[in-house]
Amino acid sequence: MWRRSFSSTTTTLNQLTNKKWDALVIGGGHNGLVAAAYLARGGLSVAVLERRHVIGGAAVTEEIVPGFKFSRCSYVQGLIRPCIIRDLELGKHGLKLLKRSPASFTPCLDGRYLLLGPDQGLTHSEISKFSRNDAEAYPRYEKQLERFGRFMDTLLDAAPPESLQGDASFNDKLSNKVHKSAFWARCLRQAASLGQKDMVDFMDLLLAPASKVLNNWFESDVLKATLATDAVIGSTASVHTPGSGYVLLHHVMGETDGEHGIWSYVEGGMGSVSMSIANAAKEAGAQIFTNAEVSEVLTEDSSSVKGVLLADGTRVESSVILSNATPYRTYVELVPSNVLPEKFVSAIKNSDYSSATTKINMAVDKLPQFQCCNTNHAEPGPEHFGTIHIGAETMDEVHSACHDAENGLPSRRPVIEMTIPSALDNTISPPGKHVINLFIQYTPYKPSDGSWEDPAYREAFAQRCFKLIDEYAPGFSSSVISYDMLTPPDLEREIGLTGGNIFHGAMGLDSLFLMRPVKGWSNYKSPLKGLYLCGSGAHPGGGVMGAPGRNAALVVLQDLKS
């Protein structure tokens with residue numbers, strides 16, 4: 001298959017072995033690049049070692065079909081921390097965000113549709129088509145989520161208040177105690193500012209199923225189904241799963257240029273996010289190496305790291321290593337056996353890496369024409385700019401799709417989030433043609449009725465998705481020029497995501513904050529001295545956020561000072 005990738009200019013491998021590096025970063029995903037940038041800005045000599053021929057990890061742009069640039073995994077931007085954009089001057093380094101308005105479009109088979117977005121007047125009138133009560137309730141719902149989002153913000157940009165690991169001096173113990181006391185005092189002040197009613201509602205949001213939360217707010221099926229997809233995105237959960245409600249916060253956590261709740265496309269695709277971070281890292285002095293697969297973390301007497309061994313036999317020396325790989329890949333596959341405590345390794349192995357997500361990237365020769373809009377135009381309309389929700393007009397339909405996967409089958413009627421970034425970005429497709437992303441649930445890692453390794457099985461599922469879209473946009477299937485499909489095993493093999501999980505591990509309440517990646521090790525450190533975790537498997541978790549990379553780098557810099 002013809003392929004072109006978009007990466008930074010990287011350094012030749014023969015420059016790797018001529019020095020001992022202050023720090024090595026395993027993996028050139030966006031978090032690894034963020035970590036490298038902050039470490040280099042802190043005065044360290046840093047080398048990033050990327051297994052693939054292109055940097056970016058899951059935030060990558062690749063030209064799989066000639067003339068069409070695909071954001072192969074992640075596809076919208078809204079979570080990257082404002083402090084990172086500011087500190088690294090990502091705008092100066094090439095990051096250009098394209099705001100989406102409207103932000104969401106849900107077509108219905110009965111001829112109606114729902115548009116949502118930052119335009120409050122439009123959103124009110126659109127929801128009123130289904131329920132006047134819901135139209136009045138929706139601004140209150142968003143404002144409450146925004147208050148909860150501000151509370152969560154205080155947790156994202158710093159390491160969790162973890163207990164000290166191993167032997168510690170009196171000064172270290174005192175410093176840790178002061179740090180934890182200050183952290184919890186800050187949380188209590190934030191909680192007090194919310195008030196008891198909001199705190200009770202916040203606890204309900206954290207613990208309840210998304211369906212319960214949404215049923216308590218709204219009566220319209222299509223509005224609830226549209227919002228419910230935020231709660232199950234990238235997970236194996238149903239809308240009826242307890243604890244799925246808290247992911248609704250992602251609806252308001254998105255931010256573009258200081259505007260909350262606004263998600264954007266990135267000019268040039270999501271690889272441009274990684275490119276801009278890489279440019280900032282290189283400007284600070286970091287060096288980036290592609291086609292540099294790490295096969296083993298090298299240790300000194302099984303107590304501390306001393307470097308890495310590449311797949312080609314090259315040894316690279318450093319006493320500090322940050323891994324942007326998944327916790328499983330890092331601690332089970334890269335660190336030699338019998339080095340880490342058995343209890344720690346067992347906890348890593350028993351973490352949930354399951355996935356039911358498939359991504360299809362498509363080149364098409366025309367825009368989909370949605371029957372409910374009763375239009376036929378070659379130029380993008382409001383229905384094409386945001387996320388298009390296909391195949392789930394009720395929460396029960398979302399649950400049914402999930403239930404199929406629980407029984408080992410790809411969903412008979414998949415839940416599809418369609419995006420058309422070329423509607424706003426004319427740099428990623430030829431004139432008159434378009435790039436379409438399909439983020440699809442639910443697809444088991446090992447289907448009970450076939451195998452993702454079987455080309456006919458893969459093609460049958462892709463056609464199932466295309467035919468479902470045909471129900472809403474007749475003739476869509478005939479517009480497909482070519483497509484690239486990544487099932488959970490493909491995401492594991494090509495991108496390095498254990499189990500195909502896009503978050504490097506489930507984002508359930510038992511796997512967040514002080515329990516991410518496992519209890520006792522939430523502060524990016526590990527039982528092996530000098531080895532840190534800086535990817536999405538660490539706090540605060542997945543999404544193109546950059547926070548794990550930044551937080552881990554700041555911990556390393558602090559450790560080197562003490």
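Above this text you will find the structure in question.
Parameters and conventions
- Residues numbered from 1 in each chain as written.
- Predicted model: local features only at pLDDT ≥ 70, side-chain atom pairs only at ≥ 80, totals over all residues.
- Heavy atoms only, no water.
- Helix = DSSP H or I, 4+ residues; strand = E, 2+ residues; numbered from the N terminus.
- Pairing = 2+ DSSP bridges.
- Axes fitted to C-alpha atoms, helices over the stretch in contact; angles between N-to-C directions.
- Contact = heavy atoms within 4.5 Å.
- Buried < 20%, exposed > 50% of the residue type's maximum accessible area, 1.4 Å probe, protein only.
- Core = buried A, V, L, I, M, F, W, Y, C linked by side-chain atoms within 4.5 Å.

Novice: Please explain unusual backbone geometry as it appears in this structure.
Specialist: The phi torsion of most residues other than glycine is negative, and most of the peptide bonds are trans. Geometrically, the link from Gln441 to Tyr442 is a cis peptide bond, its omega value of 10 degrees lying close to zero. Within the secondary structure, Tyr442 sits in the loop between strand S21 (434–441) and helix H15 (455–472). Residues Arg516 and Pro517 are joined by a peptide bond in cis, for which omega reads 0 degrees. As for its position among the elements, Pro517 is in the loop between helix H16 (488–495) and strand S23 (531–533).

Novice: Which parts of the structure should I look at to understand the sheet that holds strand S2 (residues 20–21)?
Specialist: For sheets, the rule is that strands pair by backbone hydrogen bonds, running either parallel or antiparallel. The strand order S2-S16-S15-S14 describes an open sheet built from 4 strands, whose pairing is mixed. Either end of the sheet is taken by a strand with one partner, and the two such strands are S2 and strand S14 (294–300). Alignment of S2 against strand S16 (residues 315–318), held across 2 bridges, turns out to be parallel. Bridge pairing in S16 links Trp21 to Ser318.

Novice: I keep staring at the pairing of S14 and nothing clicks. Help me out?
Specialist: Walk down a regular strand and you will see the side chains alternate between the two sheet faces. Pairing analysis gives 6 bridges linking S14 to strand S15 (residues 304–310), with the strands arranged antiparallel. Within S15, the residue paired with Val294 across the bridge is Leu310.

Novice: Help me understand the sheet that holds S23 in this model?
Specialist: Strands sit in the order S13-S4-S3-S17-S23 across an open sheet of 5 strands; the sheet is parallel. Two strands lie at the open edges of the sheet, namely strand S13 (287–289) and S23, each paired on one side alone. Geometrically, the sheet is characterised by an average inter-axis angle of 20 degrees between neighbouring strands, direction not taken into account. Alignment of strand S4 (residues 46–49) against S13, held across 3 bridges, turns out to be parallel. Residue pairing in the sheet places Leu49 in a bridge with Phe289 of S13. Against the sheet, helix H1 (residues 30–41) touches strand S3 (23–26), S4, S13 and strand S17 (321–323), its axis set at about 170 degrees to S4. Across the face of the sheet, helix H11 (residues 327–334) comes into contact with S3, S17 and S23 while running at roughly 155 degrees to S23.

Novice: Explanation requested: the pairing of S15 in the structure shown.
Specialist: A large share of S15 lies buried, amounting to 6 of its 7 residues. Counting the residues in the hairpin turn of S14 and S15 gives 3 residues, including Asp301, whose phi is positive at 55 degrees. In this structure, S15 lies alongside S16, joined through 3 bridges in antiparallel fashion. Bridged to Val308 within S16 is Val316. In this antiparallel pair of consecutive strands, S15 and S16, the connection spans 4 residues, and Gly313 shows a positive phi of 95 degrees.

Novice: In this structure, what is going on with the nonpolar core? I would like to understand it.
Specialist: A general tendency of soluble globular proteins is for nonpolar side chains to be buried together. In this structure, Leu39, Val308 and Leu322 are the most contacted members of the largest nonpolar core, which totals 73 residues. With 8 residues, H1 is the single largest residue contributor to this core. Not counting the four nearest positions on each side in its chain, Leu39 is found in contact with Ala23, Leu44, Val46, Leu322, Ala553, Val556 and Leu557. Core analysis: the next-biggest nonpolar cluster, separate from the first, contains 63 residues, Ala231, Tyr246, Ala392 and Tyr442 among them.

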